[in-house]
Amino acid sequence: MLSATGISLLVLVAFLLRFNLWRRDIRGVPILMYHMISDDVSRTRIPKLRVSEKRFRAQMAYLHTKGYHPITLREWLGYRRGSGVCPPKPIIITFDDGYRNFYSTAWPILKKHGFKATVFLVTKYVGGSNVWDRAKGEPEEKLLNLDEIKTLSREGVEFGSHGHNHQDLTGIPLSEVESDVMASKSVLEGALKTQVVSFSYPYGKHNAKVRWAVKEAGFLAACVTQPGDNDKNVDPFQLKRIIVKRNDNLFDFKIKLRKGKSRI
């Protein structure tokens, strides 16, 4: 039979393993990845991508209290080139897909703290809904329309591309990859009248062919969906992101900021 000390040690080890506290801290600028801020999970099969408004408020309040300074990917690229002075404790907050609840729910919370964000849009469906999720039986959700995108852009939100069709770019011929990527950039730049520099790989899937096409289209950075280091040695076309999930409590969130993951 284990002694009280032995039991305590087992509990401690289990705790350390469970919450990834054994991992080294990630290096460089942390990039957070969200999809949707929503309390409604009644019809979805993927509730993990819907962070509740209450938890999002708590997470942003924590960043504010701890002195984090959210910047955009465009700003990060400038600081990386030596343009300007990067603020202390920089962090990048990103949203994939461009759901309308970014405008109605997330942005007012971010704006309250003076935070910036980067939103990746699926350009073919701007003003429509998440058509790409139909095959998975996911409910239709409204996406940002052009007027909302322009308003948010004027208020400091950076917009990047999440592809034109939201398809797995690794599974189609190079010519189609090039067409999709270039179409998304053209649509965004035509609407916003500014250079669009950032890309987020649909479904997080990429390979050398896809990264080449994104770079050739004129993007300067692209995000993946795995956590890791974003230090001076990072490939700007493989920027690591920390996914924030619905079941992440504030303790999970704090650990993810340091370790990239909070659970095994």
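An account of the accompanying structure is given in this report. Predicted model, so just to flag it, every value in this text is computed and none were measured.

1. Thoughts on the packing of aromatic side chains
Inference 1: All chains considered together, the criterion is met by nine aromatic pairs.
Inference 2: Ring centres of Tyr-34 and Phe-95 lie 5.3 Å apart, and the angle between their planes is 20 degrees; on these two criteria the pair is classed as stacked. Placement of the pair is Tyr-34 in strand β1 (residues 31–34) and Phe-95 in strand β5 (residues 90–97), with a sequence separation of 61 residues.
Inference 3: Residue Tyr-34 is classed as buried on the basis of its relative accessible area of 0%.
Inference 4: Between Tyr-62 and Phe-253, the ring centres sit 6.3 Å apart and the planes meet at 85 degrees, which makes this aromatic pair edge-to-face. Here Tyr-62 is found in helix α2 (residues 53–65), whereas its partner Phe-253 is found in helix α8 (residues 250–259), with 191 residues between them in sequence.
Inference 5: If you follow Lys-89 out to its NZ or CZ, it ends over the ring of Tyr-68, 4.3 Å from the centre.

2. Let's talk about unusual backbone geometry
Inference 1: Residues other than glycine seldom take positive phi values, yet Lys-89 does so here, at roughly 50 degrees.
Inference 2: Residue placement: Lys-89 occurs in the loop between α3 (73–80) and β5.
Inference 3: A positive phi angle, close to 60 degrees, is found at Tyr-203, a residue other than glycine.
Inference 4: By the element assignment, Tyr-203 lies in the loop between β8 (198–200) and α7 (208–216).
Inference 5: By relative accessible area, Tyr-203 is classed as partly exposed at 40%.

3. Describing the pairing of strand β6 (residues 118–121)
Inference 1: Every second residue of β6 is oriented toward a common face, with Thr-118 and Phe-120 on one face and Val-119 and Leu-121 on the other, all of them buried.
Inference 2: Pairing of β5 with β6, which is carried by four bridges, proceeds in the parallel orientation. In the sheet register, Phe-95 faces β6, and the bridge partner there is Val-119.
Inference 3: At this point the chain moves from β5, through helix α4 (residues 101–112), to the parallel β6, and the crossover so formed is right-handed.
Inference 4: Pairing analysis gives four bridges linking β6 to strand β7 (residues 158–161), with the strands arranged parallel. Along β7, the bridge assignment pairs Leu-121 with Ser-161.

4. As for the packing of α2 against α8
Inference 1: At a closest axis distance of 10 Å, the pairing of α2 and α8 adopts a crossing angle of 50 degrees. Looking at the two axes, α2 sits oblique to α8. As α2 runs across α8, the sense of the crossing is right-handed. Where α2 abuts α8, its residues Ala-58, Gln-59, Tyr-62 and Leu-63 lie against Leu-250, Phe-253, Lys-254 and Leu-257.
Inference 2: Across the contact of α2 with α8, the residue classes break down as six nonpolar, one polar and one charged.

5. Focus on the packing of α4 against helix α5 (residues 146–154)
Inference 1: Where α4 meets α5, the closest approach of the two axes is 11 Å, and the angle between their N-to-C directions is 25 degrees. The angle between α4 and α5 falls in the class roughly parallel. Within the contact between the two elements, α4 uses Phe-102, Tyr-103 and Trp-107 and α5 uses Glu-148, Thr-151 and Leu-152.
Inference 2: Here the contact of α4 with α5 is composed, by residue class, of four nonpolar, one polar and one charged.

How each quantity is defined
- Within each chain, residue numbers correspond to sequence positions counted from 1 in written order.
- For this predicted model, a pLDDT threshold of at least 70 governs which residues receive local features, and a threshold of 80 or more governs which side-chain atom pairs are given and counted, while totals over whole chains, interfaces and linings are taken from all residues.
- As a rule here, side-chain values come from all non-hydrogen atoms in the structure, and water together with hydrogens is ignored.
- Aromatic pairing here means that ring centres of Phe, Tyr or Trp (its six-membered ring) are within 6.5 Å. Orientation follows from the plane angle: under 30 degrees is stacked, over 60 is edge-to-face, and everything else is tilted.
- To qualify as a helix, a DSSP run of H or I must reach at least 4 residues; to qualify as a strand, a run of E must reach at least 2; elements of each kind are numbered from the N terminus.
- Here the term buried applies to any residue with accessible area under 20% of the maximum for its type, exposed to any over 50%, and partly exposed to those in between, with areas from a 1.4 Å probe on protein chains only.
- Charge-over-ring contacts are defined here by two conditions on Lys NZ or Arg CZ: a distance within 6 Å of the ring centre and an angle within 35 degrees of the ring normal.
- DSSP bridges decide pairing: two strands pair if at least two such bridges lie between them.
- With its strands directed away from the observer, a crossover is right-handed exactly when the path from the first strand over the helix to the second travels clockwise.
- Axis lines are fitted to C-alpha atoms, over the contacting stretch for helices. Their N-to-C directions set the angle, which ranges from 0 to 180 degrees.
- Any angle from 65 to 115 degrees is called roughly perpendicular, while one under 35 is roughly parallel, one over 145 is roughly antiparallel, and all others are oblique.
- Crossing handedness is defined as follows: a turn of the near helix away from the far one that is anticlockwise and smaller than a right angle gives a left-handed crossing, while the clockwise case is right-handed.
- We call two residues in contact when some of their heavy atoms are within 4.5 Å.
- Charged residues are taken to be Asp, Glu, Lys and Arg, nonpolar residues to be Ala, Val, Leu, Ile, Met, Phe, Trp, Tyr, Cys and Pro, and polar residues to be all remaining types, Gly included.

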